[in-house]
Amino acid sequence: MPSKDTDTGTGKGGSIIVETVTRLMVPFIQLFALYVIIHGAGGPGGGFQGGVIFASSFVLYVIAFGIVKAGNRFSERANIVLFSTGVYIYAGVGLLCILFSYGAAQFLNYGYIPLTHHFEENRALGMDLVEIGIGITVMAVITSIFFNLVWKREEVGEREGED
Amino acid sequence: MIDWLIEELFAKYNYWISIVLMLIGFYAMIAKDNLIKKIIGLNIFQTAIFLFYISLGDITGGTEPIVSEEMIAQGYVYVNPLPHVLILTAIVVGVATTAVALALVILMYEEYGTIEESEIIELERESAGRSDTR
Amino acid sequence: MLIVEHFPVLVVAISMFAAFTILIAGWLLNKKCCFFISFITILVQFILSIFILHHVLTVGTITYWLGGWAPPWGIEYVVDALNAYILVILLFLSLVCVMYSKRYEEHEIPNKIVSYYVLYQLLVTGLCGVTVTGDIFNMYVFIEIFSLAAYALIASHGKIALKASLTYLVMGAIGACFFLLGIGFLYSVTGSLNMYDISCILKTGDLYTSRVVQAAFTFFIIGMGIKMALFPLHTWLPDAHSFAPAEISAMLSGIIIEVSTYALIRVCLSVFTVDFLEMYFPITTLICWTAAMAMIYGSVLAIAQYNLKRMLAYSSVANMGYIMLGVGLCMSSSFGLTPALMHILNHALMKGCMFLAAGAFIYKFDLWEIEDFRGLGRKMPYTTLSFILAALAMIGMPPSVGFVTKLYLAVACFQAGQFVFVAVIFFSTLLILFYFWRVIEYMYIRVEEEGATAKEVKVDEIPWSMLIPVLVLGILCFVVGVLWLVNTPAFPLMDIMDAVNAEFGLGVVP
Amino acid sequence: MIFELDLVLLFLVVIIAIVAITTRDLLSAIMLLCAYSFLMAVVWVEMHSVDVAFTEAAVGAGATTAFLIAALSRTKRWEKK
C-alpha cells in the first residue's frame, strides 16, 4: 500500500537522536492526551483537545521516521472503524437516554442511563463517555486528514470531520 | 478629547486590535494571489473573531472559570465561561475548514501545477477557449 | 412526553448515525450498500418530517430541550410551521436526488462512492440541523457542517470544479464569520443565545435603537446574503452550480441556498421581530430593490450563457430575487410571507427538475452546450418532456407553480403600492421566456439541420432510477401549482402559510 | 489581567500577522502563523480563558501547522510575485 516514490522527502529517516527522543516522547504525549480527555469535565481540556494531542503524537512519529515507515504502521481500516466508533458512542449514549427512560427524557439527558443509582453521578459518567467518544473520533479524524494530506496516493478522497 | 481617547481607544484596546487583525485576515483572503496565503488569511480572520468573543467574556480582576463554592463565597469573581465554550466549537469548525481547503489546494496543484490563483484562471480560460473552437 | 416530540432530534441523529454507518459498511463490506443505507435513512427522515408537520399543524409548536437543560442555558430545538414546512421540502428533494445519484455517481466517480455518500449524508444532517434548531449558535455550527459537506461534494468531480469549490469555500467562510460576528454582537448586549430569549430581551430592554444591535443585524444580512447568493454577493454561485455533479447542483440551487434564506428569515423575524423591521423601514425597501436588480441581472446574464447548467445557475440568482422580493414585501401586503415561502417550494421543484435533466443530458451524451441539443426531444422524450414542463412552469404558464408565485407576488406588489416591481416581474418573465425558448427550440424544432440522422434516431433514455426523479419533479411542477390554487384538505398548503403568518404577526395590512 | 503585558502581546500578534501575510516564503509564513497561534494562546491564558488557550495551542499551533506543512510538502514553497 505505501508508495515508494513519495515526494515528501522524509522517507530517509533522520538522526538517531530525533528517533530516540521520539520513541521516548510518544508514550508520554499519549498518556497526557488520555489525562486531558478524562479530566475534561472538571478542568480545562476535554475530548476534542485530548484527541488532537493524541493525534499530534502520530504527527511527531511521521516527522521523525518518515511517512513510509509510519504509513506501514497506520491502518486505514482501523482508523475508519475508530472514528465511526467514536460517533456511535457519542450519539448512542444520547439515544440510550431516550430508550432507558421510555421516551420521557430528552436526547443526551445522561441522568437516565442506569449506570449507578444517583442521577447526578449518572450525568457525570455519561459526560465522560461522551468525551471519550469525541476523543476517539477527533484522534482518528485528525490522523486521517494528516495522512491524506501528506501522502500522495492513487485516490485521495477529501474528508473532513466535525464532532 | 483626551477623555474620549482613553474611553474609546485605550480602554477597549483588545476590540480595536481584534478589528485590525480581522482586516489583515480579510485583506489576505481577498487580495492575495497565492492560495496558501488565502488560507493563512482565513485562519487569522477566524482567530480575530475568537479574540473578540474572549474579550466579551473577560472582566478586569476576574479569575478563571474553574472555581469551587468556597472561592465564590470568598468573593472571587470569575469570567463568563460561555464564550469560551462557543469558541471551542468555532475552533473545531475552523480547523475542519482549513483541512478541506488544503485538500482542495493540493488537488488543484496536481491538476494545474500551480497554486497562484491568477495562473489557474489563465489556464482555465485557455482550456475553455479550446473547447469553444472545437 | 409524546414520541412525536422526539422526532426533531431523531431526524438529525439518525442522519449522523447513517453517515458513519455508510463509512464502515462501505469500506468493510460492500460499496453497493452505501446507496441503500442512504436512501432508506432519508426515506425514514422524510416520513418523520411529515409526522412533525402534521403534529405542528394539529397540536402546536414542538419545543425540545436537548439534554434536559432548560433554555436559555441549554440548546433548545423549536419546530413551528415554518421549520416543519422547510424540513419536508428539503428531505423530499434530498430523497429524489439520492435516488438519482445512484447510477449517475457509479458512472462518474466509481471509486469514490463511499466518500460521496458519507458527505451527502452529512450534508443532509447539516441542513436538517439548521432547520430544527432554535439556538442561534447551534444554527451557525450546522450551517458550517452543511457548508463543509457542500464544498467537498462540489469538488467531487475534480478538475475545474476544484476552483469553483475553493471560491465558494473562501466566500462561504467569510459569510459564516460574519454570521458569527453578528452572534457575538447580539450576545454582548443580550447575554443569551436562545432565539426566543434574545427577541424577548431585545423587546423588553428597548434595545432596538442600540447601535450594536443594528450592527449585528447588518452582519447577519451580509453573512447570510453571501451564503444565499443575494445579488451583489452571488459571485461564487455560477461556477459552483455549473461544475458540481448534477444532483448536487439540484441540491445547491433547490435547497442549500433556500435553507440559508430560511436562516435569514428566521433571524430577521424571530430574533429581530417585525417591530424592528418596521422601525427601520428602509431595510425592507432596500431588500426589495436588491431583489428586483437580482431578477433582472440574473435573467440578462442567463441569456448570455451557452452552457445549460450555467444558464440555470444565473436563473437561480434571478429566482433568489423572487424569494427576497417576497421577504421584502412581507410587511406591506395581506399575504405576509406567503409568496416567499411559496417560491421556496416552487423553486426547489422547478430547479431540481431542470438540473437533474441537465445532468441526464451529460450522463447520456456528454452534452453541455445548448447548441448541441438538436433533436434531443426525440432521443430522450421523457427527460426533455419533464424539462419542458419545468421550463414552462418557470416561465409562468397557468396553472404551474411559477404562475402561482408570480400571481401572488404581483398582487402583493399591488397591495403594497409598489407598481414598479410588477413591471420588473413582467419584464423578467419576458427574459425567462426568451432564454428557455432557445432551449426548447433546439430540442424540438431545429432538428432538420442534422439532416439524415434525424430520421433514424432511436429512443435512448436514461435508466429508470434516474428517470423517475426527473419525471416526478416535472409533473409535480404542475400538480403543486393546482394544489396551491385549490387548497384541498389533504394538502393544506395554504393552512401552513396562514400558520406561519399568524406566528410572526404578518399578513395584516397596516 | 496585567494591562502592559496584554498590550505588548497584542501588538506583537498584529506585527506577526502582518509579516505572515507579506512574506514570500510560504514555509516561514506558516511558521509565523504557528507563532501567532501560540501568542494568541498566551493572550487567552492571560484573559482567563484557559480552555480556549489549551485548544488553540493544540489545534491552532499544532494541528493546523502540521496540516499546512503537509500541504506545502505537496505543493510549492515560494510564492510568485
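Up top is the structure.
Residues numbered from 1 in each chain as written. Chains lettered and ligands numbered in written order. Predicted model: local features only at pLDDT ≥ 70, side-chain atom pairs only at ≥ 80, totals over all residues. Heavy atoms only, no water.

Caption draft 1: Main features of the nonpolar core. Membership of the largest hydrophobic core comes to 334 residues, with the highest contact counts inside it found for Leu-21 of chain B, Phe-272, Leu-308, Leu-337, Phe-436 and Trp-484 of chain C together with Trp-44 of chain D. Examining the composition of this core, we find that 21 residues originate from one element, helix H5 (residues 82–112) of chain B, more than from any other. (Core = buried A, V, L, I, M, F, W, Y, C linked by side-chain atoms within 4.5 Å. Buried < 20%, exposed > 50% of the residue type's maximum accessible area, 1.4 Å probe, protein only. Helix = DSSP H or I, 4+ residues; strand = E, 2+ residues; numbered from the N terminus.)

Caption draft 2: Main features of unusual backbone geometry. Residues and elements named next belong to chain C. In this model, Pro-398 is joined to Pro-399 through a cis peptide bond whose omega is 0 degrees. Tracing the sequence through the fold places Pro-399 in the loop between helix H16 (381–395) and helix H17 (401–416). Phi at Ala-229 takes a positive value of approximately 60 degrees, unusual for a residue other than glycine. A residue is classified by how much of its surface remains accessible, and Ala-229, at 0% relative accessible area, is buried.

Caption draft 3: Spatial organisation of the interface of chain A and chain C. Across the contact, 25 residues belong to chain A and 29 residues belong to chain C. In total, about 2700 Å² of surface goes out of reach between chain A and chain C, with carbon and sulfur atoms giving 69% of it. Taken together, the connections running from chain A to chain C amount to zero salt bridges. In this structure, the connection of chain A to chain C is made through three residue pairs in polar contact (both at pLDDT 80 or more). Sorting elements by how many residues they give to the side of chain A that touches chain C places helix H4 (residues 76–100) of chain A first, with twelve residues. Broken down by class, the residue content of the side of chain A that touches chain C amounts to 13 nonpolar, five polar and seven charged. (Contact = heavy atoms within 4.5 Å. Buried area = accessible area lost by both parts, 1.4 Å probe. Salt bridge = Lys/Arg side-chain N within 4 Å of Asp/Glu carboxyl O. Polar contact = N/O pair within 3.5 Å; in protein donor to acceptor, adjacent residues only side chain to side chain. Nonpolar A, V, L, I, M, F, W, Y, C, P; charged D, E, K, R; others polar.)

Caption draft 4: The environment of Asp-460 of chain C, seen in detail. Residues and elements named next belong to chain C. Note that Asp-460 resides in the loop between helix H18 (419–445) and helix H19 (464–486). On the basis of relative accessibility, which here comes to 32%, the residue Asp-460 falls in the partly exposed class. Considering only alpha carbons, one finds Asp-460 and Lys-364, 96 residues apart in sequence, at a separation of 8.4 Å. Those residues in contact with Asp-460 that lie beyond four places of it in its chain are Lys-364, Phe-365, Lys-379 and Met-380.

Caption draft 5: Structural detail: the interface of chain D and chain B. Opposite the 43 residues of chain D that make contact, chain B presents 48 residues. Taken as a group, Ile-21, Met-47 and His-48 of chain D account for 17% of the area that chain D buries against chain B, more than any other trio of residues on that side. The set of elements that each furnish at least two residues to the side of chain D that touches chain B consists of helix H1 (3–22), helix H2 (26–46) and helix H3 (50–74) of chain D. Its residues placed into classes, the side of chain D that touches chain B shows 28 nonpolar, seven polar and eight charged.

Caption draft 6: Region of interest: the side chain of Asn-501 of chain C. All names here are of chain C. Structurally, Asn-501 is set in helix H20 (residues 493–504). The class of Asn-501 is buried, set by a relative accessible area of 6%. A distance of 2.9 Å separates a polar atom in the side chain of Asn-501 from the backbone oxygen of Phe-335. Within the local environment of Asn-501, its side chain forms a polar contact with the backbone nitrogen of Leu-337, the two atoms lying 2.9 Å apart. Excluding anything up to four places from it in sequence, Asn-501 contacts Phe-335, Gly-336, Leu-337, Thr-338 and Leu-506.

Caption draft 7: Region of interest: the packing of aromatic side chains. Evaluated as defined, the whole model comprises 42 aromatic pairs over all chains. Grouped by ring-pair contacts, the aromatic residues Tyr-15, Phe-26, Phe-45, Phe-52 and Tyr-53 of chain B together with Phe-178, Phe-185 and Phe-219 of chain C constitute a single cluster. The residue whose ring lies beneath Lys-102 of chain C is Phe-35 of chain C, and the NZ or CZ to ring-centre distance is 5.7 Å. It is Lys-379 of chain C that lies over the ring of Phe-365 of chain C; its NZ or CZ is 5.0 Å from the centre. (Phe/Tyr/Trp six-rings, centres within 6.5 Å; stacked < 30°, edge-to-face > 60°. Lys NZ or Arg CZ within 6 Å of the ring centre and 35° of its normal.)

Spatial relationships are all this shows, so hold off on functional conclusions.
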